[in-house]
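Summary of the model geometry
Each chain, letter by letter, is given below.
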Amino acid sequence: MFIEPKTIIHEPKVGWIELICGSMFSGKTEELIRRVRRAVIAQRKVKIFKPKIDIRYHKIKVVSHNKNEIQSVPVANPLEILKLIEGEEDVIAIDEAQFFENSLVDVVTELANDGYRVILSGLDMDFEGKPFGVIPGLMGIAEYVTKLHAVCKRCGNIASFSYRLTESNKQVLLGEQEEYEARCRRCFIIGMEEKRNKLTSQKITF
Ligand SMILES: [Zn+2]
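Now for a quick tour of the structure. All figures in this text were calculated on a predicted structure; none of them were measured in a lab.

Calculation rules
- Residues numbered from 1 in each chain as written.
- Predicted model: local features only at pLDDT ≥ 70, side-chain atom pairs only at ≥ 80, totals over all residues.
- Helix = DSSP H or I, 4+ residues; strand = E, 2+ residues; numbered from the N terminus.
- Buried ≥ 20, exposed ≤ 12 C-beta atoms within 10 Å, placed from the backbone.
- Contact = placed C-beta atoms within 7 Å.
- Arc of directions from axis to C-beta.
- Pairing = 2+ DSSP bridges.
- Axes fitted to C-alpha atoms, helices over the stretch in contact; angles between N-to-C directions.
- Core = buried A, V, L, I, M, F, W, Y, C linked by C-beta atoms within 7 Å.
- Expected span 1.5 Å × (residues − 1).

1. Regarding the overall build of the protein chain
Secondary structure assignment for the protein chain yields five helices and 12 strands. Put simply, the protein chain has 206 residues, and 36% of those count as buried. In the protein chain, 73% of the contacts between residues at least 6 apart in sequence involve partners at least 24 apart.

Right, dumping it as structure tokens:
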């Protein structure tokens, strides 16, 4: 379990970056909320941001799959985060970071350099098992990277892939449990092959 290097930030403020990543259903948002709650107990001022694209459940609150929720500010792009910071905050948390553009790397670097503790959470791979957008860049610059794992819905092994049950090819497809399931590498490969075979047989039929 992640333990904060320190919760009290002394003057001059020295910031750092933490990244929580993993597949869907791996508990990323719960972990983000856990760290935020601990910072609040330590009387740190926290501001939480999320991309406007994530419209599941509620527009303002960061909501995890187990309904553990906390207030957040929806923003359209990373620069908006810089504009909305008032200077009194100690901790900046950013949920669903994979939906932000690559400039998020520069924005969080600037925040950490200015003395903020930055906690991000995001999907590390898309539905094809490819690195997701800005997340690999964030892994490179973060002092602390925590990779969480889900449980494979098929076989019960450790899962690190988000398998899409529908056949859409869009990278960003907001969905819930009925559209995705966590899978281990083996079950993910089997599923992708089944999809490919289905497509091929359809082509032959028509
Ligand atoms: Zn499996």
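2. Some thoughts on unusual backbone geometry
Peptide bonds are trans in most cases, and residues, glycine excluded, mostly fall at negative phi. With a phi angle near 65 degrees, Phe25 is a residue other than glycine that sits in the positive phi range. Along the chain, the position of Phe25 falls in the loop between strand S1 (16-22) and helix H1 (28-41). The exposure class assigned to Phe25 is partly exposed, which follows from the 18 C-beta atoms found within 10 Å. At Glu96, a position not held by glycine, the phi torsion is positive, near 55 degrees. Within the secondary structure, Glu96 is located in the loop between strand S6 (91-94) and helix H3 (104-113).

3. Some details on H3
Three or more residues of H3 are buried, namely Leu104, Val107, Val108, Leu111 and Ala112. For H3, the arc enclosing every buried residue in end-on projection is 130 degrees, short of the 170-degree limit, so these residues lie on one face. Where H3 is buried, its residues contact S1, helix H2 (78-84), S6 and strand S7 (117-123). Positive backbone phi, approximately 105 degrees, marks Gly115, located one or two places after H3.

4. Description of the pairing of strand S11 (residues 161-164)
In S11, alternate side chains face the same way, and those of Phe161 and Tyr163 on one face and Ser162 and Arg164 on the other are all buried. In this sheet, strand S12 (residues 180-183) lies alongside S11 in antiparallel orientation, the contact comprising four bridges. Within S12, the position partnered with Arg164 by the bridge is Tyr180.

5. Some thoughts on the sheet that holds strand S8 (residues 144-148)
Strands sit in the order S5-S2-S6-S7-S1-S8 across an open sheet of six strands; the sheet is parallel. Both edges of this open sheet fall to strand S5 (73-75) and S8, since each of them pairs with a single strand only. Ignoring strand direction, the axes of neighbouring strands in this sheet form an average angle of 20 degrees. Looking at chain direction, S1 and S8 are connected through five bridges and run parallel. Across the sheet, residue Leu19 finds its bridge partner in S8, namely Val145.

6. Section: the nonpolar core
With 44 residues, the main nonpolar core has Ala93, Ala97, Val108, Val118 and Leu120 as its most contacted residues. In terms of residues, this core owes the most to one element, H3, which gives five residues. Excluding its chain neighbours within four sequence positions, the residues that come into contact with Ala97 are Leu104, Leu120, Ser121, Gly122, Val134, Ile135 and Leu138.

7. What to know about the environment of Asp124
As for its placement among the helices and strands, Asp124 is situated in the loop between S7 and helix H4 (135-141). What makes Asp124 buried here is the crowd of 26 C-beta atoms within 10 Å. Distance from Asp124 to Ser23, taken between C-alpha atoms, is 6.6 Å for residues 101 residues apart in sequence.

8. Comments concerning H1
In this model, H1 (14 residues) spans 20 Å end to end at C-alpha, consistent with the 20 Å of a helix rising 1.5 Å per residue. Considered for burial, the residues of H1 that qualify are Lys28, Thr29, Glu31, Leu32, Ile33, Arg35 and Val36.

9. Here's the deal with the environment of Ile20
Of note, Ile20 is situated in strand S1. Sequence-wise, Ile20 and Met139 are 119 residues apart; in three dimensions their C-alpha atoms are separated by 9.2 Å. In contact with Ile20, other than residues within four places in its own chain, are Lys28, Glu31, Leu32, Leu120, Ser121, Thr146 and Leu148.

10. Description of the environment of Arg154
Here Arg154 shows up in the loop between strand S9 (150-151) and strand S10 (158-159). Expressed as a C-alpha distance, the spacing of Arg154 and Glu181, which sit 27 residues apart in the sequence, is 8.8 Å. When neighbours within four sequence positions are excluded, Arg154 is seen to be in contact with Arg183 and Cys187.

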